[in-house]
Every structure is written in structure tokens, then in C-alpha cells.
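Per-entry structural report
The residues making up each chain are set out below.
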Amino acid sequence: MEKLDESKFEQRLQLLALRIPRELASAVTRLLRSGCLLDMPRVKPVVEDPESDKSRLVVLSEKIQNPDLSDIPEQARNLLKQLCSVDVVPYTLTLGYSYWSAGHVAHLNIPDDLLIYKDVIAKVIYDKNYPRIQTVANKVGAISNEFRVPKFEILAGKNDMVTEVKQYGATFKLDYGLVYWNSRLEHEHIRLVSLFKKGDVICDMFSGIGPFSVPAGQKGCIVYANDLNPDSVRYLKINAKINRVEDYIFTHNMDARVFMQTLMIVPDPEAKSQFAAANCSSEETVSANENSMPNGNHNDVQEICQESLDDSSVVNTAKRRQETSNEGDVACQEEDVNQTKKRNNKKVKSSGPLPVKPWEHIDHVVMNLPASALQFLDCFSGLVQKRYWKGSLPWIHCYCFIRSSESEELILCEAQNKLNAKIAEPIFHRVRDVAPNKAMYCLSFMLPMECLKDETEDNVQSVDG
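Residues numbered from 1 in each chain as written. Predicted model: local features only at pLDDT ≥ 70, side-chain atom pairs only at ≥ 80, totals over all residues. Heavy atoms only, no water.

**Some details on the overall build of the protein**
Within the protein, the regular secondary structure consists of 13 helices and 18 strands. Within the span of the protein, comprising 465 residues, buried residues form 50% of the whole. In the protein, 74% of the contacts between residues at least 6 apart in sequence involve partners at least 24 apart. Carbon and sulfur atoms make up 48% of the accessible area of the protein, which amounts to about 22600 Å² in all. (Helix = DSSP H or I, 4+ residues; strand = E, 2+ residues; numbered from the N terminus. Buried < 20%, exposed > 50% of the residue type's maximum accessible area, 1.4 Å probe, protein only. Contact = heavy atoms within 4.5 Å. Areas by Shrake-Rupley, 256 points an atom, 1.4 Å probe, with all protein chains shown as cover.)

**Some thoughts on the side chain of D204**
Mapping D204 onto the fold places it in strand β11 (residues 201–204). A distance of 2.8 Å separates the side chain of D204 from the side chain of S213, its partner in a polar contact. Those residues in contact with D204, other than ones at most four positions away along the chain, are F212, S213, Y224, A225, N226, F259 and V366. (Polar contact = N/O pair within 3.5 Å; in protein donor to acceptor, adjacent residues only side chain to side chain.)

**Focus: helix α4 (residues 186–193)**
For α4, a buried count of 7 out of 8 residues is recorded, marking the element as mostly surrounded by other parts of the structure. Along α4, the residues classified as buried are E186, E188, H189, I190, R191, L192 and V193.

**A closer look at the packing of aromatic side chains**
This model, assessed by the stated rule, comprises 6 aromatic pairs. Plain terms: the ring middles of F428 and Y441 are 6.4 Å apart, the flat faces sit at 80° to each other, and that makes the pair edge-to-face. Taken together, the residues span a long stretch of sequence, with F428 in strand β17 (residues 427–435) and Y441 in strand β18 (residues 438–446) at a distance of 13 residues. Per residue, the accessibility class of F428 equals that of Y441, and both read buried. The lysine or arginine in question, R257, covers the ring of F376, its NZ or CZ lying 4.3 Å from the ring centre. Above the ring of F401, the side-chain terminus of K438 is found at 4.3 Å from the ring centroid. (Phe/Tyr/Trp six-rings, centres within 6.5 Å; stacked < 30°, edge-to-face > 60°. Lys NZ or Arg CZ within 6 Å of the ring centre and 35° of its normal.)

**So, the nonpolar core**
Residues M205, M260, M367, L377 and F380 are the most contacted members of the largest nonpolar core, which totals 50 residues. Looking at this core, the elements that each hand over two or more residues are β11, β12 (222–226), α7 (256–263), β15 (364–367), β16 (395–403), α12 (408–419), β17 and β18. In contact with L377, not counting residues within four places along its chain, are M367, I396, C398, A415, K418, L419 and F445. Residues I190, A225, Y235 and M440 belong to the second largest nonpolar core, which totals 36 residues. (Core = buried A, V, L, I, M, F, W, Y, C linked by side-chain atoms within 4.5 Å.)

**Re the environment of K418**
The topology assignment puts K418 in helix α12. On the basis of relative accessible area, K418 is assigned to the partly exposed category, the value being 28%. Considered as a pair, K418 and L377 are 41 residues apart in the sequence and their alpha carbons are 5.6 Å apart. If we ignore the near neighbours within four places in the chain, the residues touching K418 are L374, Q375, L377 and D378.

**A few points about the pattern of salt bridges**
This structure, assessed with the given rule, holds 9 salt bridges. Linking R19 and E51 is a salt bridge whose minimum nitrogen-to-oxygen distance equals 3.4 Å. Within this pair, whereas R19 is found in strand β1 (residues 11–21), its partner E51 is found in the loop between β2 (46–49) and β3 (52–59), the two being separated by 32 residues in sequence. Among the ionic pairs, D231 bridges to R234, the shortest N-O distance being 3.2 Å. With a gap of 3 residues between them, D231 and R234 both fall in helix α6 (residues 230–242), about one helical turn apart. On the basis of relative accessibility, which here comes to 22%, the residue D231 falls in the partly exposed class. Connected through shared salt-bridge partners, R19, D49 and E51 make up one network. (Salt bridge = Lys/Arg side-chain N within 4 Å of Asp/Glu carboxyl O.)

Dropping the structure here:
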């Protein structure tokens, strides 16, 4: 057997960092938040300066390689120079074995040229990190099943893929062999949830085990969460209880299109009282519909304000929401994380009745299925009935992949074709690179007014019928 070079199994990133006055750390991170800061889970972009306790190092993205900072957009670069004088210094980040683990499971994706060393790699990781790491597993093949669950080969330790991970003050239990989980998306989970407000109504179309739904519930949002994988829904319900937000999360197990259509069904006038009564009791609702499983009652959730629906209010709200999205900086996200941690050991409390009528108002729709979420946008065409809707239109957050040969304009065109409507003021957020020529993005936009179903359409259909 060849001698093992352990250094080959650590990843060292040669980066650049800005040495700045300590008190300006938040201001600098706000300036550089759009793709210029290091964005990796469990790695802070602002670190202590070993040379002085009066300064901090702001670690830049691996894409920023020029010491003259010419890789940073000119506007941000000029504002940075106006804010303070900075020193650009080299910074080495070493990602050890422990970085790639989730709970007691070390999840590997060993490249083909190192597969002959897979048992040696696993043994080193196991021996170096036991008892914290008790299972070493390697991903086998590409994800091809409908539930997006990768296959794993156990290389070392016990055959136990059930583990717990912690993110932003929340605890998630999962079985790596049954559900999908990616710890590298932690920053994105924090970023998006930071846009939600207490009392907002959230629809999570591809919820998984709850990385968006659970923290949204911790903020006092009412969440309608859906996943096609029954194991994901089972663990979502477990995680809602672990984090004491089961009263805030309605879980569903069905196709995403059917899920949205079900939420938007307006009951007949004579059935409305029965529908409202059913939502007051979780047990009654579960027995009435096994696919729709609220985890508790929601009588203490704050009701969202009801606004009249007109063009001017939608435009104004869109601008306000876009400003909120653009101002969702690192400092705000850190504050949001700290508040979530304080709430983690308490049951979420609020006041006011539950908005039990999603066909009247929702605030955000999360579509976290980047491989195919764009294809599901067609379900929004004619989904919302205008005569019943109250308040501003919802924000849609659609995740997607963009290859180097593609452009944001191409993705926007595809989204508009699916919606059969023009998207005003779309916002593209680069989440992370998933391959050398492929990146994950989040496309956020307010649902276009043209997508609403007008009362006249119903009248025309009834006449034709």
C-alpha cells in the first residue's frame, strides 16, 4: 500500500482579506454582501486580526483574486474607499475533515481518481474525529430518483445515517439515506428567512425536512409546507416538534402543483363555516384529509393586515419588498440568527387569529428545487382568484441552476413563458457555485398581476359551458 499523504484530504483556499477598523465591520459587509464576501456554511466572513485587536479581517470570495480589488464592482469599490482605508492581505482558509460532516455522519463525495484510496480516507477521517464522527459515508452516483435522495456507501463506522444537525439555532433530525440535506446552504437559508416578518404566511412548495419552514415558524410565520417525499414530511413534523413550532406549520405530502391548487381552492359559501371550524382543530383536520397535516392549532398567530388590491399598492409594495431584500445584509441576518437562538428553547408566542384562508393572502412562496423549480411556475397562471385576494401579491423565490453558457436574461425569459406574464423588477441572487461552469441562483419577484384569475373569466367559462 502506498504511503498516505494526509494533506491531500484537506482543502486549503488561498484568499484575500481586507484589514479594516473593527467598528466598521458591519458597514463593510453591507457594501460587499452581493457576491464579494466569502460565502461558506459555518465559516464567518469576518474574523479577528491576529496582528491587532482594533481591526478585523473581512474575508473575500474566492472569486476576488486581484489585490487591487478590480474584481469588485466599481460602485462598491468606490464606496469602500470612501468609507475607510483598507489593507489587502493574503488569507489562507483550511477546511479540515470536520468541515464536511453533518452530526455524527461524515458525508464525502470522493472524486474518481481517489476512489482507490476510499477506505484509507475513511479510516483517517474516522480515527481522527471519533467519537464525534461515528459514520463515514461516500456518495455513490448522481441523484436520479424523484425524491432527490443520494445513495451512499458506508466506508467506516456504524451503519447509521440518522443524525441531528444544528443551523441558526434550530435542530434538524434526518436520515441521510431517506431525505435530502445540504449543509452548504445554511447561509442561503438564513438570508431568505431574514426577509420574512412575524405573521407572514409562507408556502414552501419543496420543503424537505424544513430548513426554511422551521426557522420561519420560529419567527412567528404561518407556514404551509409540502414535499413529495413522505420521509421528508415525516422528519419535517419531527423537526417542528423538536423546535416547538408545530403550531405554526401545516405539512402536506403531494405534488407541488396540486399543493398550490389545493391551498387556493375557495370553498362554496355554505362550506366556509365548516372549513374554518376544521382549521381550529388539528385532529379534525388530519382526520378529514390525510394529505394535509397541520401539526397543531394556530389561534395565537398574528393576522396579517388586509390591504386593498390595486395596481398602485402592488407597485409600491414591490418597491418596499425589493428594498427589504437588498438591505438583508449580514448584520441583519446575524441579528435574526441571535433572536432565533433565544427563541429556540421557548414555544413561539404571538397574538391574533390565524389567517386560515390562503386563497385570500400569502406573503412568500419558496421553490427550493433548483433542478426543476422553473418548470413549476406554470401553476401560478390563473391560480389566484382576484375577487377573493386581499393585500399585496406574494413574492416568489424560485431556485435554479445557471450554466456558464446561459444568462440571467435566458432564465428570466423561461420564467415569464411559464407564467405567461411579464416579471417586473426581478432579483437574481447568486447562492453558490455547484460546479466549475454551473451556479445556483435564487430568482425573486412579485407575482405579476396578469397571473390573477379575473371574475370575468369564470363568467365566460360558465357561459361557454
